[in-house]
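# Topology and contacts: notes
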Amino acid sequence: MAVSEKMVCISHSLIIIVLIVFISDKALCIRYPDRIPETARDLSDQQHLKTAVFALGSFWRSEAIFGCLPGVVRTTVGYAGGSKTKPEYRNVKDHAESVQVEYNPRLISFKELLDVFWSSHDPRQVFGQGPDVGNQYRSIIFTNGTEESRLAAVSKEKEQTRSRSSVVTTQIQQLGTFYPAEPEHQKFELKQNSFLLHLLGSLPEEELERSNLATKLNGYAAELCPPNIQKHIDTRINEITKRGWPLLKDL
Ligand code: MHO
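As a starting point, this report considers the structure included with it. (Residues numbered from 1 in each chain as written. Predicted model: local features only at pLDDT ≥ 70, side-chain atom pairs only at ≥ 80, totals over all residues. Heavy atoms only, no water.)

### Comments concerning helix α9 (residues 212-221)
- The buried fraction of α9 is high, at 8 of 10 residues.
- Every buried residue of α9 is listed here: Asn212, Leu213, Ala214, Thr215, Leu217, Asn218, Gly219 and Tyr220.
- Between a side-chain oxygen at the N-terminus of α9 and the backbone nitrogen of leucine 213 the separation is 3.2 Å; the capping residue is serine 211.
- Glutamate 223 occupies a position one or two residues after α9 and carries a positive phi of about 55 degrees. (Buried < 20%, exposed > 50% of the residue type's maximum accessible area, 1.4 Å probe, protein only. Helix = DSSP H or I, 4+ residues; strand = E, 2+ residues; numbered from the N terminus. Polar contact = N/O pair within 3.5 Å; in protein donor to acceptor, adjacent residues only side chain to side chain.)

Below, the structure is given as structure tokens:
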């Protein structure tokens, strides 16, 4: 074979290889659309995040209430306020079911979280919340330092004034250890909805627990987002299902 023929042959082979790589890459993209690289996207904000912990009844519901507020990045359910080390769902002892809220203070303040706390449960109920009876459902604002304690006390006084004769039972406590609850209790409301789980790309448990989208969708699944947010998510989901695109990438 002449040198020029060899060159043509090599360049044809190269084109074919490039084409194969290109086509197989496209095929893979069609079958397995990429998941949202949430961690990379949120990285710059992570450094500025703050954490707040509240107890206001069943932690399934508490997590859903805070999850879809603008500025809330992540929620985790757990046990706090007691003395038992390593509490479990079936053995919480003196702890209260709680939710840990990670939030961006540039977008939502501790004071605004307190407003949501008060408006989302009945702090006058003794030894339970709604239909749930027991000490683990008591109402607590956990604080981290004097400024938060002050804000919590002021908001409790306001609430007491509104409640007139009935006593606001909410405790204000410096946060000790927050013990995350078992995986089956994390994003509990979302896990009841296989359609929404599917839209997220059936994330593995660890990713689901840290995912900002899952945090929001957990609130949406329980229909506990503020009405405008509930509606916004409805619209986004409708768009996606109409387009036939299988994954929800952001909200
Ligand atoms: N009423 C709820 C309480 C659940 S909870 C996480 C139930 O279905 O048992 O404590």
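### Observations regarding the state of the cysteines
- Applying the stated criterion across every chain, the model contains 1 disulfide.
- The disulfide bridge from cysteine 68 ends at cysteine 225, spanning 2.1 Å between sulfur atoms. Between cysteine 68 and cysteine 225, the S-S dihedral sits near -120 degrees, and the bridge is therefore left-handed. Of this pair, cysteine 68 sits in the loop between α3 (59-67) and β2 (72-80) while cysteine 225 sits in the loop between α9 and α10 (227-243), and the two are 157 residues apart along the sequence.
- With relative accessibility at 8%, the residue cysteine 225 sits in the buried group. (Disulfide = S-S within 2.5 Å.)

### What to know about the packing of aromatic side chains
- In this structure the tally under the stated criterion is 7 aromatic pairs.
- With centroids separated by 5.6 Å and ring planes inclined at 50 degrees, the aromatic side chains of phenylalanine 59 and tyrosine 79 adopt a geometry described as tilted. Taken together, the residues phenylalanine 59 in helix α3 and tyrosine 79 in strand β2 connect sequence positions 20 residues apart.
- When the ring of phenylalanine 117 is compared with that of tryptophan 118, the centres are 5.0 Å apart and the planes differ by 75 degrees; the resulting orientation is edge-to-face. Each member of the pair, phenylalanine 117 together with tryptophan 118, is buried. (Phe/Tyr/Trp six-rings, centres within 6.5 Å; stacked < 30°, edge-to-face > 60°.)

### Things to note about unusual backbone geometry
- One non-glycine residue, lysine 93, lies in positive phi territory at about 55 degrees.
- Here lysine 93 is to be found in the loop between β2 and β3 (96-103).

### What about the site of the ligand?
- All residues adjacent to the ligand are Ser58, Phe59, Trp60, Tyr89, Glu97, Asp132 and Tyr137.
- One of the side-chain nitrogen or oxygen atoms of tyrosine 89 is found 3.1 Å away from an oxygen atom of the ligand.
- Aspartate 132 is positioned with one of its side-chain polar atoms (N or O) 2.5 Å from a nitrogen atom of the ligand.
- The fraction of the free accessible surface of the ligand (310 Å²) that becomes covered by protein chains is 68%.
- Class assignment for the residues of the shell around the ligand results in 4 nonpolar, 1 polar and 2 charged. (Near = heavy atom within 4 Å. Areas by Shrake-Rupley, 256 points an atom, 1.4 Å probe, with all protein chains shown as cover. Nonpolar A, V, L, I, M, F, W, Y, C, P; charged D, E, K, R; others polar.)

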